[in-house]
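Working through the structure, step by step
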Amino acid sequence: MSATEAPADRLPTFPWDKLEPYKATAAAHPDGIVDLSVGTPVDPVPELIQKALIAAADSPGYPTVWGTPQLRDALTHWCERRLGARGMTHRGVLPVVGSKELVAWLPTQLGLGPGDRIAYPRLAYPTYEVGARLARAEAVTYDDPRDLDPTDLKLLWLNSPSNPTGRVLSRGELADIVAWARAHGVLVFSDECYIELGWESEPVSVLHPDVCGDSHQGLVAVHSLSKRSNLAGYRAAFIAGDEAVLGPLLQLRKHGGMMTSAPTQAAAVAALSDDTHVAEQRARYRARRTALRTALEAHGFRIDHSEASLYLWATRGEPCWDTVAHLASLGILAAPGDFYGEAGAQHVRIALTATDERVAAAVARLA
């Protein structure tokens, strides 16, 4: 790649543009579209979070990149309470401006580049590849990371629960992967943004002692408030783990002005300090999941994995774009599986993020 190459020239074609004709077909349905393609929350932001945001609206000064002491307290306490992490300190947490920003720019911020290798699951969130390309590093995919050649492998992405498949790595699998990565000096970033949404299994963090022992060395977990608290519009996320990794990232992000707004920080404190609204939102998603899964299976779909997260990984044993077209003819929009890698060529991703009324409409059309 030339030194004058624009960053955009290194990136793949934005996949969602390919879905536009099918979206138009679905939107032509007499009862309107049921959009189950993008996993964006549709339910209201919980009132206690809105109130915290409003109370902090008069914030004329610059916010801090590291976050307020109150936010760092909330982050460390949440990691200990929800993830079972031990020994968390303020140096082991760092707010970020939404998890997608973090994923896309992390390799660059870590100083990775040509000659370095970055690994992520064969079926995966596309932004892992984007991050590698932006850094001009080599992107490699895996089915089992322990089968990778560790030569020049500088960053290993884990994603459990998985987007798009909803697969969950067990404690034993995670512990073995962590041991392998440590033995080979590979830094692990674990994308755990759907960890609050386990249905048929209980997701576990890499920061849990059963996985990492008594040390977070070489491990960082990525978390988001977008799904658990309906805060996708707030861009509120954070990373937690190895202080030796987070310290340099904090300094770099200070130079880059990568700071979460002060009202958003206050809202995040409220969100992380309350579990009631999370349980209520889980109940909504569980009901939608049950209704959609039952209807899809009755319509001839097979659901694979999907034991956690906000998606059903569904197939009719045909090319994914044929399935997208079929569903669009019913006024339902789904994401084609090949958006997430060639291994998804016969699946579609069905999001649970639609209102109860739209989910009911989809169920009726599938029947």
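Before any of the text, the structure's been laid out above.
Residues numbered from 1 in each chain as written. Predicted model: local features only at pLDDT ≥ 70, side-chain atom pairs only at ≥ 80, totals over all residues. Heavy atoms only, no water.

1. Concerning the sheet that holds strand S12 (residues 335-336)
The strand order S9-S10-S13-S12 describes an open sheet built from 4 strands, whose pairing is antiparallel. Only two strands of the sheet have a single neighbouring strand rather than two, namely strand S9 (302-304) and S12. Where S12 meets strand S13 (residues 348-351), 2 bridges bridge the pair, whose relative direction is antiparallel. Counted as the bridge partner of alanine 335 is arginine 349 from S13. Helix H10 (residues 276-298) contacts S9, strand S10 (311-315) and S13 of the sheet and is inclined by roughly 5 degrees relative to S10. Docked against the sheet, helix H11 (residues 320-329) engages S12 and S13, running at close to 40 degrees with respect to S13. (Pairing = 2+ DSSP bridges. Helix = DSSP H or I, 4+ residues; strand = E, 2+ residues; numbered from the N terminus. Contact = heavy atoms within 4.5 Å. Axes fitted to C-alpha atoms, helices over the stretch in contact; angles between N-to-C directions.)

2. A look at the pattern of salt bridges
Applying the stated criterion to the full structure yields 26 salt bridges. Arginine 288 is paired through a salt bridge with aspartate 43; the nearest N and O atoms lie 2.8 Å apart. Within this pair, whereas arginine 288 is found in helix H10, its partner aspartate 43 is found in the loop between strand S1 (34-35) and helix H2 (47-55), the two being separated by 245 residues in sequence. Overall, arginine 288 belongs to the buried group, its relative accessible area being 3%. Two residues, arginine 91 and glutamate 243, come together in a salt bridge whose shortest N-O distance is 3.2 Å. Taken together, the positions of arginine 91 in the loop between helix H3 (69-83) and strand S2 (93-96) and glutamate 243 in helix H8 (residues 243-256) put the pair 152 residues apart, joining distant regions of the chain. Each of the salt bridges in this network shares a partner with another, and the network as a whole consists of Asp31, Glu357, Arg358 and Arg365. (Salt bridge = Lys/Arg side-chain N within 4 Å of Asp/Glu carboxyl O. Buried < 20%, exposed > 50% of the residue type's maximum accessible area, 1.4 Å probe, protein only.)

3. Side note on the sheet that holds S2
Ordered by their spatial adjacency, 7 strands build an open sheet running S2-S8-S7-S6-S5-S3-S4, and the pairing between neighbours is mixed. The outermost strands of the open sheet, each flanked by one partner alone, are S2 and strand S4 (138-142). This sheet shows a mean twist of 20 degrees between the axes of neighbouring strands, independent of strand direction. By the bridge criterion, 3 bridges tie strand S3 (residues 117-121) to strand S5 (residues 153-159) in an arrangement that is parallel. Its bridge partner lying in S5, alanine 119 is registered against leucine 156. Lying on the sheet, helix H4 (residues 99-109) is in contact with S2, S3, S5, strand S6 (187-191), strand S7 (219-224) and strand S8 (237-241); it crosses S5 at an angle near 160 degrees.

4. Regarding the environment of valine 363
By secondary structure assignment, the location of valine 363 is in helix H12 (residues 356-366). With 67 residues separating them along the chain, valine 363 and leucine 296 place their C-alpha atoms 7.9 Å apart. The contacts of valine 363, once residues within four sequence positions are left out, are Ala291, Leu292 and Ala295.

5. Some points on the packing of H4 against helix H5 (residues 127-134)
Axis separation between H4 and H5 bottoms out at 7 Å; the angle between their running directions is 30 degrees. One element, H4, and the other, H5, form an angle in the roughly parallel class. Judged by the twist between their axes, the crossing of H4 over H5 is right-handed. Residues Lys100, Val103, Ala104, Trp105, Pro107 and Thr108 of H4 touch H5, and the partners they reach there are Thr127, Tyr128, Gly131, Ala132 and Leu134. Residues of the contact of H4 with H5, tallied by class, amount to 7 nonpolar, 3 polar and 1 charged. (Parallel < 35°, antiparallel > 145°, perpendicular 65-115°, else oblique. Left-handed = near helix turned anticlockwise from the far one by under 90°. Nonpolar A, V, L, I, M, F, W, Y, C, P; charged D, E, K, R; others polar.)

6. Examining H12
Listed in full, the buried residues belonging to H12 are Arg358, Val359, Ala361, Ala362, Arg365 and Leu366. In a view along the axis of H12, the buried residues occupy a sector of 155 degrees, so they form one face of it. Turned more than 90 degrees from where H12 packs its buried face, Asp356 and Ala364 sit exposed. Packed against the buried residues of H12 are S1, H10, H11 and strand S11 (332-333). (Arc of directions from axis to C-beta.)

7. Notes on the side chain of histidine 223
As for its position among the elements, histidine 223 is in strand S7. Assessed through its relative accessible area of 2%, histidine 223 is described here as buried. In this structure the side chain of histidine 223 is engaged in a polar contact, spanning 2.8 Å, whose partner is the side chain of glutamate 192. With near-sequence residues (within four places) excluded, histidine 223 lies in contact with Trp78, Leu83, Glu192, Cys193, Ile195, Ala237 and Phe238. (Polar contact = N/O pair within 3.5 Å; in protein donor to acceptor, adjacent residues only side chain to side chain.)

8. Thoughts on the packing of H3 against helix H9 (residues 262-272)
It is at 9 Å that the axes of H3 and H9 come closest, and there the two elements cross at 30 degrees. One way to sum up the angle between H3 and H9 is to call them roughly parallel. Classified by chirality, the crossing of H9 by H3 is left-handed. Residue-level contacts link Gln70, Leu71, Ala74, Leu75, Trp78 and Arg81 of H3 to Gln265, Ala268, Val269 and Leu272 of H9. Residue composition of the contact of H3 with H9, by class: 7 nonpolar, 2 polar and 1 charged.

9. Let's talk about the pairing of S7
Of all 6 residues that make up S7, 6 are buried, and the element is covered over most of its length. Of the two faces of S7, the one carrying Leu219, Ala221 and His223 and the one carrying Val220, Val222 and Ser224 are both buried. Here S6 runs beside S7; their pairing, made up of 4 bridges, is parallel. Each residue of the ladder has a partner; that of phenylalanine 189, found in S7, is valine 220.

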